[in-house]
Amino acid sequence: MCFEINDKLKEECGVFGVIDLSGSINCSEITYYGLYSLQHRGQHSCGIASYLENKVNCYKNLGLVNEVFNQELLNNLNGNKAIGHVRYATSGEVSANDAQPLIVSNKKDQLVLAHNGHILNGTELKRRISKYKLKTSIDSEILGYLILNELEKGYTLEKSILNIMDFIDGAYSLVLMDNDRLIGVRDPLGMRPLCIGKLNDAYILSSESCALNAVGAKFIRDVDPGEIIIIDKTGIKSVKKEVNEGKRLCIFEFVYFAREDSKIDGMSVYKARENMGKELAKLYKIDADLVVGVPDSGIPAAISYANETGIPYGQGFVKNKYIGRTFIKSVQNERIKAVNIKLNPIKENIRGKRIILVDDSLVRGTTLKGIVKRLKKAGAKEVHVIISAPPIKFSCFYGIATSNTKELIASSKSIEYIRKYILADSLNFITIEALLKSVGKENNSGFCAACFDGKYPKLKNDSITLTKNLVNM
Ligand code: SF4
């Protein structure tokens, strides 16, 4: 029996694409290393597709990037254009068939695409493309056929994508390719990140800048909300949608999803997490002996909280780097728990101390309860928990697996109830205002923070109601 070991919101996907204008490098290899660096965005499945001499080759499967691909496969995917995808399944099934990239085609055109995000009005959109037979259960395929449908009407690729932006509700950062071009698209709200890089004669599109660094590429800039980037042998071109509503980048990218060495829309993820610690220090003065962070994303906030308050920072746990995302539950020994295998408290640092434990977010509270319990068992006198995200009270409809409001403990329980449940001596959360300050904002303009404040981006389609029934679409 396997189960997920993280009690966290789950990011749904990472996308990466390369076009080499000199035609001298194997773009699939670059994509492999790009995906490796985006693995934190999705671990259920991954895939790479490439073009070589007008022919598309694609390989995808369930598993991590280094489990799915080997050198032989990458050699077979040799091409001067490639796109790749890592997926955490938030819509559709966890099956190799729903892995991406997807290839969609009609009699005239063929497109290969990889999508990060989630579409809200999939049912309505499917009606527009009812003449096509969908082969997967994921909304990303709908996007591909919507574009093909517009191409069939005689529009250019840019115009086709601009057209479909008018009637899609939801989040989408896309990388696409056809025989001649690599294309990047960011939805008009800019909910998911996408950036552009350059490596010698190759252009790269990536969900996060950390993947550009990993392959030795130079960061050029972020793709703007509503922007379409087209790269072919003549160079790079940008087309923009007139955007009425402002940007609504998912603030959770800074809380947990994105890697700390990434920069999104000009803001360093590490810096934002560090700022969260500073804001928490302004908000909560706690008498304690040691600050520890829950690895990995709780650590920058813990260090800066310690620096600001003068309470020493120390390593509270050793994290087992080799534990996978799923854990085989022992049928013989119920006491062997995933959290025990993943994080082991360092007793010598903990014993007899009043600990401040910093974590990035609290979803169900089950994992944190296990961690607090273990700290106390290791001899901690007190455990005070501070969380660098506000209480998560609302479901996400934009591709983040919050599954069901019922599973969000803060949606129905008081902070005091949660404190008792996780066995902590005190429990405090950052405020929405302080979180926004951490990412350089005085108000929530520019961000979606709906899982904290319930203020979802405005929908184009009035017939959609955001109810929990939509969550598992
Ligand atoms: Fe991100 Fe929360 Fe908005 Fe979903 S609801 S996009 S997780 S901020």
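Nothing here was measured: the structure is a model prediction, and the numbers come from that model.

Would you take a moment to explain the site of the ligand for this structure?
Close to the ligand lie eleven residues; R192, C250, C396, C448 and C451 are nearest. Tallied by class, the residues present in the shell around the ligand amount to ten nonpolar, no polar and one charged. A domain-level breakdown of the shell around the ligand finds at least three residues from each of domain 1 (3–250) and domain 2 (272–471).

Would you mind going over the side chain of S95 with me for this structure?
Here S95 lies in the loop between β5 (81–87) and β6 (102–105). Classification of S95 by relative accessible area gives buried; the value is 18%. If sequence neighbours within four positions are ignored, S95 has contacts with L62 and R87.

Would you take a moment to explain the packing of helix α9 (residues 269–283) against helix α10 (residues 299–309) for this structure?
Helix-helix packing: each pair is described by the crossing angle between the helix axes and the interaxial distance. It is at 7 Å that the axes of α9 and α10 come closest, and there the two elements cross at 40°. Comparing their axes, α10 and α9 come out oblique. Taken as a pair, α9 and α10 cross one another with a handedness that is right-handed. Contacts from Y270, R273, E274, G277, K278, L280 and A281 of α9 reach α10 at P300, A301, S304, Y305, E308 and T309.

Is there a simple way to think about the pairing of strand β2 (residues 13–20) in this case?
Most of β2 sits inside the fold, with eight of its eight residues counted as buried. Relative to strand β11 (residues 202–206), β2 runs antiparallel, the two sharing five bridges. Paired with F16 across the strands is S206, a residue of β11.

Could you clarify how one ought to interpret the sheet that holds strand β18 (residues 290–293) in this entry?
Paired through their backbone hydrogen bonds, the strands of a sheet run either parallel or antiparallel. Read across the sheet, four strands follow the order β18-β22-β23-β24 without closing on themselves; strand pairing throughout is parallel. With partners counted over all chains shown, the strands left at the sheet margins are β18 and β24 (426–429), one partner each. For this sheet the average axis-to-axis angle between neighbouring strands, irrespective of direction, equals 20°. Examined bridge by bridge, strand β23 (residues 382–387) and β24 share four bridges and lie parallel to one another.

For this particular structure, what's the right way to read the UniProt feature "active site" (unreviewed entry) in the chain?
UniProt marks C13 with the feature "active site" (unreviewed entry), using the numbering shown here. If you trace the backbone, C13 turns up in strand β2. Taking the relative accessible area as the measure of exposure, C13 reaches 5% and is therefore buried.

Where do I start with the environment of K406 in this structure?
Along the chain, K406 turns up in the loop between β23 and α14 (409–412). Considering only alpha carbons, one finds K406 and R364, 42 residues apart in sequence, at a separation of 9.2 Å.

What is the right way to read the UniProt feature "binding site: [4Fe-4S] cluster" (unreviewed entry) in the chain from this model?
The sites that UniProt annotates as "binding site: [4Fe-4S] cluster" (unreviewed entry) are C250, C396, C448 and C451. The greatest C-alpha distance among the annotated residues, which extend across 202 residues, is 10.1 Å, indicating that they converge on a single site. Tracing the backbone shows C396 in the loop between β23 and α14. Looking at C396, the relative accessible area reads 13%, which means it is buried. One can find C448 in strand β25 (residues 446–448). Judged by relative accessible area, C448 falls into the buried class, the value being 9%.

Would you mind going over the packing of aromatic side chains with me for this structure?
Working definition: an aromatic ring pair is given by the centre-to-centre distance plus the angle between the planes. One pass over the full model with this rule turns up ten aromatic pairs. Residues Y59 and F69 carry aromatic rings whose centres are separated by 5.8 Å and whose planes lie at 75° to one another, so their mutual orientation is edge-to-face. With a gap of ten residues between them, Y59 in strand β4 (residues 55–62) and F69 in the loop between α2 (65–68) and α3 (71–76) connect regions that are remote in the sequence. Given a relative accessible area of 29%, Y59 falls into the partly exposed group. Among the residues examined, F69 registers a relative accessible area of 4% and is labelled buried. Ring geometry for F252 versus F452: centroids 5.6 Å apart, planes at 25°, classification stacked. On the criterion of sequence distance, the pair formed by F252 in helix α8 (residues 252–257) and F452 in helix α17 (residues 450–453) is long-range, its members being 200 residues apart.

What counts, and where the lines are drawn
Residues numbered from 1 in each chain as written. Predicted model: local features only at pLDDT ≥ 70, side-chain atom pairs only at ≥ 80, totals over all residues. Heavy atoms only, no water. Near = heavy atom within 4 Å. Nonpolar A, V, L, I, M, F, W, Y, C, P; charged D, E, K, R; others polar. Domains from an automatic or database assignment. Helix = DSSP H or I, 4+ residues; strand = E, 2+ residues; numbered from the N terminus. Buried < 20%, exposed > 50% of the residue type's maximum accessible area, 1.4 Å probe, protein only. Contact = heavy atoms within 4.5 Å. Axes fitted to C-alpha atoms, helices over the stretch in contact; angles between N-to-C directions. Parallel < 35°, antiparallel > 145°, perpendicular 65-115°, else oblique. Left-handed = near helix turned anticlockwise from the far one by under 90°. Pairing = 2+ DSSP bridges. UniProt positions renumbered as here; feature names shortened; annotations may be inferred. Phe/Tyr/Trp six-rings, centres within 6.5 Å; stacked < 30°, edge-to-face > 60°.

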